[in-house]
Amino acid sequence: MNLRELVSALNDFASPALAESWDNVGLLVEPSPPHTVNTLFLTNDLTEEVMEEAVQKKADLVLSYHPPIFAPLKRVTWKTWKERLVVRALENRIGIYSPHTAYDAIPHGVNNWLTKGLGTCTSVPLHPSTAPSSPAERTHRVEFCADAEHLDAVVSNIKDIPDISCLTTLPARVEGEEQTRVSLNCSQKALLEVVALLSQNSHLYHKTEILLLQKPLLAHTGMGRLCTLSEPVSLSDIVERIKGHLQLPHVRVAVGAGRTLESPVKKVALCAGSGSSVLKGTEADLYLTGEMSHHDVLDAVANGISVILCEHSNTERGFLSELRDALTIHLQNKINVIVSEKDRDPLQVA
């Protein structure tokens, strides 16, 4: 499959628009075209060891869940390991693509996979995503009424303002008089100019309505998950379930104030990776994530919420096997999709 065609298919699987604004997702390294992809190589973290594995397995594109290029690179030399990744990729004509938080948000993504370790439950996003392209890039709607004497001049001036769309006029009757209702969508910056223009015509301005355009929420899509178990189980049972799901011999547990390992757990708030900002303030019996700061753990415990920490990438990596199967189907078996055998969390229990 041609690289551009494959990237388009990957973007259809999980739109980069669902990623967090601070993230760096999509195609990060592109060999000179044309570039055909026969083998897609999946990894959670693209380390130098994993890159050498990709080279040995003749990968044409590496899908690295975490973006190996995050902070801007000022040069590409052999000096730092991240620069060396780019050098090795280009030398071997290997592209690099990263989905990161787009895969956190989608209904069939990382957080959904993590919920499967809890047992039978229902879940909803903690922070729902909004439709990325609706209503376009405009943030406000302005509506006002004008009589025939002023209509043409006002509409003409408004059309000169950048970032105006959906400008419509409809007949209207206001206080028994025939007038025209003008409606338009605009950006935050354009709104200031529209209001300034209308304020020069007080007979228009006092009839003006300004509406904030809210993008619709996407079902089952967003950051984190709040899970309600079908039956409450003890904290100790949840610990064992999570260890089994993540195939870990150990996890770290902080027991909430007034609770014990035998206390029932009904509601679980979870977030793969680093969950402090996503989980903070959520009412639940348990927080499940990869890592949290010491003080955020103390806050949770003081509020009677237990915490399970599994190390950052341990809450993500197991998803790759499920992803391999899903992408194989999504790409109609046109690509050989394989998972790294060298990829692992850098932290171990000694």
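Small disclaimer: the values here were computed from a predicted structure and weren't measured. (Residues numbered from 1 in each chain as written. Predicted model: local features only at pLDDT ≥ 70, side-chain atom pairs only at ≥ 80, totals over all residues. Heavy atoms only, no water.)

1. A closer look at the UniProt feature "binding site: a divalent metal cation" (unreviewed entry) in the protein chain
Rules: UniProt positions are given in the numbering used here, feature names are shortened, and annotations may be inferred rather than shown by experiment. Only DSSP runs of H or I covering at least 4 residues are called helices, and only runs of E covering at least 2 are called strands; the numbering of each starts at the N terminus. Partly exposed describes any residue whose relative accessible area lies between the buried limit of under 20% and the exposed limit of over 50%, with all areas from a 1.4 Å probe on protein chains only and scaled to the type maximum. In this analysis, two residues are considered to be in contact whenever any of their non-hydrogen atoms come within 4.5 Å of each other. We define a polar contact as two N or O atoms separated by no more than 3.5 Å, with the added condition that, inside protein, one atom must be a possible hydrogen donor and the other a possible acceptor, whereas residues neighbouring each other in sequence contribute only through side-chain atom pairs.
Within this numbering scheme, the UniProt entry marks His66, Asp104, His312 and Glu316 as carrying the feature "binding site: a divalent metal cation" (unreviewed entry). Taking the farthest pair of C-alpha atoms as the criterion, the annotated set spanning 251 residues converges on one region, since that pair is 13.5 Å apart. Locating Asp104 in the fold gives a position in helix 4 (residues 101-105). In this structure Asp104 comes out as buried when scored by relative accessible area, which is 7%. Ignoring anything within four residues of it in the chain, the contact list for Asp104 reads Tyr65, Val110, Asn111, Gly222, Met223 and Arg225. Among the polar contacts listed, one links the side chain of Asp104 to the side chain of Tyr65, at a separation of 2.4 Å. Tracing the backbone through its elements, the reader meets Glu316 in the loop between strand 14 (306-309) and helix 12 (319-330). Apart from the residues within four sequence positions on either side, Glu316 is in contact with Asn44, Tyr65, His66, Val110, Trp113, Ala272 and Gly273.

2. Focus: the packing of aromatic side chains
Put simply, the test is: Classification of ring pairs uses Phe, Tyr and Trp, with its six-membered ring standing for Trp, and accepts pairs whose centres are within 6.5 Å; under 30 degrees between planes counts as stacked, over 60 as edge-to-face, and the remaining range as tilted.
Inspection of every chain in the model, using the stated rule, returns three aromatic pairs. When the centroid spacing of 5.8 Å and the interplanar angle of 75 degrees are considered together, the rings of Phe13 and Tyr103 count as edge-to-face. Of this pair, Phe13 sits in helix 1 (residues 3-13) while Tyr103 sits in helix 4, placing them 90 residues apart in sequence. An identical accessibility class is assigned to Phe13 and Tyr103; each is buried. Measuring from centroid to centroid gives 6.2 Å for Tyr103 and Phe319, while their planes differ by 80 degrees, and the two rings are edge-to-face. Residue Tyr103 is found in helix 4, and its partner Phe319 is found in helix 12; the two are separated by 216 residues along the sequence. By relative accessible area, which is 1% here, Tyr103 ends up buried.

3. Structural notes on the packing of helix 1 against helix 12
Axes are the key here: two packed helices are described by the angle between their axes and the distance separating the axes. Here is the rule we go by: Between the N-to-C directions of two axes lies an angle of 0 to 180 degrees, each axis being a line fitted to C-alpha atoms and, for a helix, fitted only over the stretch in contact. When describing relative orientation, an angle under 35 degrees is termed roughly parallel and one over 145 degrees roughly antiparallel, while 65 to 115 degrees is termed roughly perpendicular and anything else oblique. Two helices cross in a left-handed way if the nearer one is turned anticlockwise from the farther one by less than a right angle. They cross in a right-handed way if the turn is clockwise. All residues other than Ala, Val, Leu, Ile, Met, Phe, Trp, Tyr, Cys, Pro, Asp, Glu, Lys and Arg, Gly among them, are scored as polar; the first ten of these are nonpolar and the last four charged.
Between helix 1 and helix 12, the shortest axis-to-axis distance is 11 Å and the interhelical angle comes to 120 degrees. Relative to helix 12, the element helix 1 is oriented oblique. Crossing handedness for the pair helix 1 and helix 12: right-handed. In this structure, helix 1 contributes Ala9, Leu10, Asp12 and Phe13 to the contact, and helix 12 contributes Leu323, Ala326, Leu327 and His330. Along the lines of polarity and charge, the residues of the contact of helix 1 with helix 12 split into six nonpolar, one polar and one charged.

4. A closer look at the sheet that holds strand 6 (residues 140-146)
Operational definition: Here the rule is simple: two strands pair whenever DSSP picks up at least two bridges between them.
Taken in spatial order, the four strands line up as 7-8-6-9 in an open sheet, and their pairing is antiparallel. This sheet does not close on itself; its edge strands, each paired only once, are strand 7 (164-174) and strand 9 (209-212). Adjacent strand axes in the sheet meet at a mean angle of 20 degrees, parallel and antiparallel pairs treated alike. Here nine bridges tie strand 7 to strand 8 (residues 177-186), and the two strands are oriented antiparallel to one another. In the sheet register, Leu170 faces strand 8, and the bridge partner there is Arg181. Strands in contact with helix 7 (residues 188-199) are strand 6, strand 7, strand 8 and strand 9; relative to strand 6, the strand with the most contacts, it is inclined by about 15 degrees.

5. A short note on the sheet that holds strand 2 (residues 39-43)
The strand order across the open sheet formed by five strands is 1-4-3-2-15, and the pairing between neighbours is mixed. Whereas interior strands pair on both sides, the edge strands pair on one side only; in this sheet they are strand 1 (26-29) and strand 15 (336-339). The mean angle between the axes of side-by-side strands here comes to 25 degrees, regardless of whether they run parallel or antiparallel. Bridging between strand 1 and strand 4 (residues 95-98) involves three bridges; their strand directions are antiparallel. Bridge pairing in strand 4 places Gly26 opposite Ser98. Here helix 2 (residues 48-56) sits on the sheet and contacts strand 2, strand 3 (61-64) and strand 4; the angle it forms with strand 2, its principal contact strand, is near 160 degrees.

6. Topic: the packing of helix 2 against helix 3 (residues 81-91)
The contact between helix 2 and helix 3 brings their axes to 10 Å, and the two run at 5 degrees. Looking at the two axes, helix 2 sits roughly parallel to helix 3. Note on element contacts: helix 3 touches helix 2 through Trp81, Arg84, Leu85, Arg88 and Ala89, opposite Glu48, Met51, Glu52 and Val55. Its residues assigned to classes, the contact of helix 2 with helix 3 shows five nonpolar, no polar and four charged.

7. Overview of helix 6 (residues 148-159)
Every α-helical turn comprises 3.6 residues, leaving residues that sit three or four positions apart pointing alike. Heads up, the rule is: Here the expected length of a helix is defined as 1.5 Å per residue gap, with one fewer gap than residues. The arc in question is traced by the directions running from the helix axis to the C-beta atoms.
Compared with the 16 Å implied by 1.5 Å per residue over 12 residues, the 17 Å span of helix 6 between its first and last C-alpha is a close match. Along helix 6, the residues that are buried comprise Leu151, Val154, Val155 and Ile158. The buried side chains of helix 6 occupy one side of the element, clustering within an arc of 100 degrees when seen end-on. Along helix 6, the residues that are exposed and aim more than 90 degrees away from the buried face are Glu149 and Asp152.

8. Focus: the pattern of salt bridges
Worth spelling out the cut-off: Salt-bridge detection follows one rule: a side-chain nitrogen of Lys or Arg within 4 Å of a carboxyl oxygen of Asp or Glu.
This structure, assessed with the given rule, holds 19 salt bridges. Residue Asp45 is joined to Arg317 by a salt bridge in which the shortest nitrogen-to-oxygen separation is 3.4 Å. Highlighted residues: Asp45 in the loop between strand 2 and helix 2 and Arg317 in the loop between strand 14 and helix 12, separated in sequence by 272 residues. For Asp45, a relative accessible area of 18% translates into the label buried. Since its relative accessible area comes to 15%, Arg317 is described here as buried. Two residues, Lys57 and Glu341, come together in a salt bridge whose shortest N-O distance is 3.6 Å.

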